[in-house]
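Tertiary structure, described
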Amino acid sequence: MPQRVLIAGTSALLAGRLAARYLTACDETEVVLLSAAVSRPGAIAPDRKEIASFVAQSARLPDPGGRLTVVCAAPGAVAAELGALTADQVWCVVPGWDRAPVRGARGDAALAGSVLAALPALGAVGYVHVGPDGAVDDGAAGPVRRGYRELERRAVEACLDAGVAWRVLRTPPVLDDQAPVFGECPPGAHRLLWALHAVRTEVEDRVPDWFERHPLRVAGAAGLGLTLLPAERAAEELWRAGAAGGLPDGFATVPAPAPVPLTEVLARAGAVHGIDVRPVADREGLSAADRLLDLRLADVRAQAARLGNAAEAPVPGPLSDGTAPRAGVGAPDPPAAARQPAPTASGQPPAPSPAVPETAAPPPGSGASPTLATPLSAAGQWEVFGRVRAYQAVAGRAAGTAGREDVTLRRRTVEAAGRPLAVYEAGDGDGPPLVVLNALGQGPGFLTRLCARLAPHHRVVTWQVRGTERDDPPWRAGDQLDDLEAVLDAAGADRAHLLGWCTGAKIATAFQRRRPDAVASLVFLNATFRQNGRWDGMDTKYEADLAAVCRALDRSPAKAARMLGLLAPGAAGGRGSPGARDAGVLGVLSRALADEVRRPFRDAEVLVRYARQLVDLWRLDSATQAAQVTAPVLFVCSEFDGISSPARAREAARCFPRARYAELAVAGHYAPHDRPALVAELITEFVRAPDEVADLVRYAEITWHIDTEGTAR
């Protein structure tokens, strides 16, 4: 019987697999796939053509013709798209897989709310809601988990009001080699693969052959297991439980295979990445690289199942007597009207995958529970892990550490203060541009990776800081402020978000006091707020040495030739604050920055100019200026910053009325270069919602220290 099905989802992967299943089930079914995947740095949402191609390949239909329509929209813009649609059956797929649970829950709630509001106008006779099976982990209070259960309640009530048949289905996270292609990283195995790739990339950017001599040690893996549920199998089970006509309303959970021990998954995934991963009993003696992996595996452990008699019991599907299981441990009971018999198995049995042996499905209408798939075989794991690794190696799209350097900065020259000024731009996003203030004496190479991550979402503008080249006149802090004003004029921007890296933070603060109406927000990246007579005793060793050299050169520039060799900026940043653990390989400078760090130290004349710029900057009273700053401020600093003092930055943050302070664990001074996707994500969420960024971007490798009242957390 011909039917029109609307599938709206925040996961293009799962919604796409479900759409493919519909297309293969009946030649007369027409599917509208509305993808509300969120695009952000490190995880760019797929476009319409990518999704359509994926669905066609999954359905093994070279050309679905007019049977498949794909629409892409942000979760908040879905309502406008729904106004032009009709459907016999509606699916809302909100599995709760965002790496940041609060952010993901908001996107899922926005999509579900729009779909439910449009349900009467869509003319549907059936509605299926797909959410997480309860594995969303957002702390003891569990507001995110409760939010997904509330979405289920809203779905049931909306369907009862509209007289629409309904089903509420829950699915575990899935495994699929196409997930990184879509920028998706579901909980479980994909987070593990992402963590290994991200750590490998960050380490090999410094020392290419490091993993040939060193293992990575992992603690806390014993007694845990991961459920490896192929996405195609999950889509089959969802279709089986929700697509068949004539089934009663009710709740059901996608059955899943028994978990595979985490130690086994780690060993196979590590081998695919060329890393010797060794489980250890505790965290005593972990190196910095071990710690970074340990932090990035935190949510993998949180989502893992405990191996043992009770914990190994598989996730239940519909019960054998035809009634639905309860909503789950800790979840609110469904509404009284929702306690109906659960759907029975119906439809054709799935085609078996070579890598995923399946047990037979029960006959349609038998009332029997579908039997569980056997765990993904070792061969199947090698195959899927290998494909994910191959994509990561080429594109790095989901890893957040590589593969987006194809965005180039466009260079143009403008006239400022009677002299040419080199301005660089990328991206064309709406809203105020992001204006990046580089450190004194530095070129744009430090910020290439960060700007490449920001450009798909924002307009990014920066310039070549003046004052150290041989033909430059003396260029003090006031001149830097004039240059910033000229850059804003050249960009045609009346208002901008200012991103100050290192010394750029003090210039940005001073500019906000000069032109408060022109500054939407301030972001300080590994900022130095060194100031004469304030926060004494907080210098890093590098800062103390640099201060002594700069003051000496300001008085006696003839000594510059002898002092060139006293500073070694390339080696700085490996020890961090006093008492911190050794950063080890993560304290080594990225090979891509080797020439950049030498720019202010390449000859005696340049060093003198650089020294005098710093001495002038240290006279600037940023603490007094900060107290008058009304714009929201985000500090992003690093645990192992041996160049700019994190302790001083924390104290400086207390001077700003609306400051937030995020510290990146096991990171150094060049974090915007080393972890561009994470830093870009912090920036993007901050400029969008400055008062909520600490909740929207909450990962184990970030410590939030300062709230809006300036008190320590």
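The model shown is predicted, which means the values in this text are computed figures rather than measured ones.

**Description of the sheet that holds strand S6 (residues 165-171)**
Read from one edge to the other, the open sheet built from seven strands follows the order S3-S2-S1-S4-S5-S6-S9, with strand pairing classed as parallel. If you trace the sheet from one side to the other, it starts and ends with strand S3 (68-72) and strand S9 (250-253), each paired once. Averaged over neighbouring strand pairs, the angle between their axes works out to 15° when direction is ignored. As defined by bridge partners, S6 adjoins S9 across four bridges and the pair is classed as parallel. Across the sheet, leucine 169 pairs through a bridge with alanine 252, a residue of S9.

**Points about the pattern of salt bridges**
Side-chain pairs of opposite charge can arise where the charged atoms are in close proximity. In this structure the tally under the stated criterion is 55 salt bridges. Residue aspartate 176 is joined to arginine 17 by a salt bridge in which the shortest nitrogen-to-oxygen separation is 2.8 Å. Of the two residues, aspartate 176 sits in the loop between S6 and helix H6 (189-204) while arginine 17 sits in helix H1 (residues 12-25), which places them 159 residues apart along the sequence. An identical accessibility class is assigned to aspartate 176 and arginine 17; each is buried. A salt bridge links aspartate 539 to arginine 530, with the shortest nitrogen-to-oxygen separation between them at 3.0 Å. Overall, the relative accessible area of 24% leaves aspartate 539 in the partly exposed class.

**Quick notes on the pairing of S6**
Here S6 lies mainly inside the structure; six of its seven residues are buried. As paired strands, strand S5 (residues 126-132) and S6 are joined by seven bridges and run parallel to one another. Paired with tyrosine 127 across the two strands is tryptophan 166, which belongs to S6.

**A short note on helix H7 (residues 231-242)**
Taking 1.5 Å of rise per residue, 12 residues should cover 16 Å, and H7 covers 16 Å from first to last C-alpha, within 8% of that figure. Judged by how many residues are buried, H7 sits mostly within the fold: 11 of 12 residues are covered. Within H7, the full set of buried residues consists of Ala231, Arg233, Ala234, Ala235, Glu236, Glu237, Leu238, Trp239, Arg240, Ala241 and Gly242. Where H7 is buried, its residues meet H1, strand S4 (89-93), S5 and S6.

**Things to note about the pairing of strand S18 (residues 519-525)**
It is a general feature of regular strands that their side chains alternate between the two faces of the sheet. Counting buried positions over the seven residues of S18 gives seven, a clear majority of the element. Pairing between strand S17 (residues 496-501) and S18: six bridges, direction parallel. From the neighbouring strand, tryptophan 501 faces S18, where its bridge partner is leucine 525. Following the chain from S17 across helix H14 (residues 504-514) to the adjacent parallel S18, one finds a crossover that is right-handed.

Scoring rules and cut-offs
Residues numbered from 1 in each chain as written. Predicted model: local features only at pLDDT ≥ 70, side-chain atom pairs only at ≥ 80, totals over all residues. Heavy atoms only, no water. Pairing = 2+ DSSP bridges. Helix = DSSP H or I, 4+ residues; strand = E, 2+ residues; numbered from the N terminus. Axes fitted to C-alpha atoms, helices over the stretch in contact; angles between N-to-C directions. Salt bridge = Lys/Arg side-chain N within 4 Å of Asp/Glu carboxyl O. Buried < 20%, exposed > 50% of the residue type's maximum accessible area, 1.4 Å probe, protein only. Expected span 1.5 Å × (residues − 1). Contact = heavy atoms within 4.5 Å. Right-handed = clockwise from strand over helix to strand, strands pointing away.

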